[in-house]
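# A structural walkthrough
Each chain, written out:
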Amino acid sequence: MPAVQDDEWVVAESYPVREMEANGVTPDWVEGKWLNVAEDMALIPENNVRLIVENGVCRVEVSTYLMECMRGF
């Protein structure tokens with residue numbers, strides 16, 4: 001599988017970090033959930049999931065390949 005290009009990422013989940021922490025959830029936990037999904041779909045997790053935390057918002061982006069698998073394409 002070729003490397004994922006910058007325009008081949010979609011937001012899978014996005015939450016304010018403050019709300020996550022109030023509910024006992026960490027950005028790493030949310031990322032880990034998606035890394036497990038990628039592995040279950042027989043994709044290389046580290047190449048298909050990325051975590052971005054900026055301006056108080058946690059965003060998990062996944063490759064279009066992973067999202068298409070999730071949607072059944």
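Everything in this summary refers to the structure shown in the same document. (Residues numbered from 1 in each chain as written. Predicted model: local features only at pLDDT ≥ 70, side-chain atom pairs only at ≥ 80, totals over all residues. Heavy atoms only, no water.)

## Observations regarding the overall build of the chain
Scanning the chain for helices and strands turns up 4 helices and 3 strands. When the elements of the chain are put in sequence order from the N terminus, they spell out β-α-α-α-β-β-α. Taken over C-alpha atoms, the radius of gyration comes to 12 Å for the chain, in line with the 11 Å a tight globule of 73 residues would show. Overall, the C-alpha framework of the chain stretches about 35 × 25 × 20 Å when taken along its three principal axes. Expressed as a percentage of the 73 residues in the chain, the buried residues total 30%. Considering only intrachain contacts with a sequence separation of at least 6, the fraction spanning at least 24 residues in the chain is 64%. Counting every atom, the chain has about 4900 Å² of accessible surface; 50% of that belongs to carbon and sulfur. (Helix = DSSP H or I, 4+ residues; strand = E, 2+ residues; numbered from the N terminus. Rg over C-alpha atoms; globule rule 2.2 N^0.38 Å. Buried < 20%, exposed > 50% of the residue type's maximum accessible area, 1.4 Å probe, protein only. Contact = heavy atoms within 4.5 Å. Areas by Shrake-Rupley, 256 points an atom, 1.4 Å probe, with all protein chains shown as cover.)

## Here we look at unusual backbone geometry
Phi angles above zero are rare outside glycine, and alanine 42 is one such case at about 65 degrees. Relative to the helices and strands, alanine 42 is located in the loop between helix H2 (27–40) and helix H3 (45–48). According to the relative accessible area criterion, alanine 42 is exposed, its value standing at 70%. Phi angles above zero are rare outside glycine, and asparagine 55 is one such case at about 55 degrees. Tracing the backbone shows asparagine 55 in the loop between strand S2 (49–54) and strand S3 (57–63).

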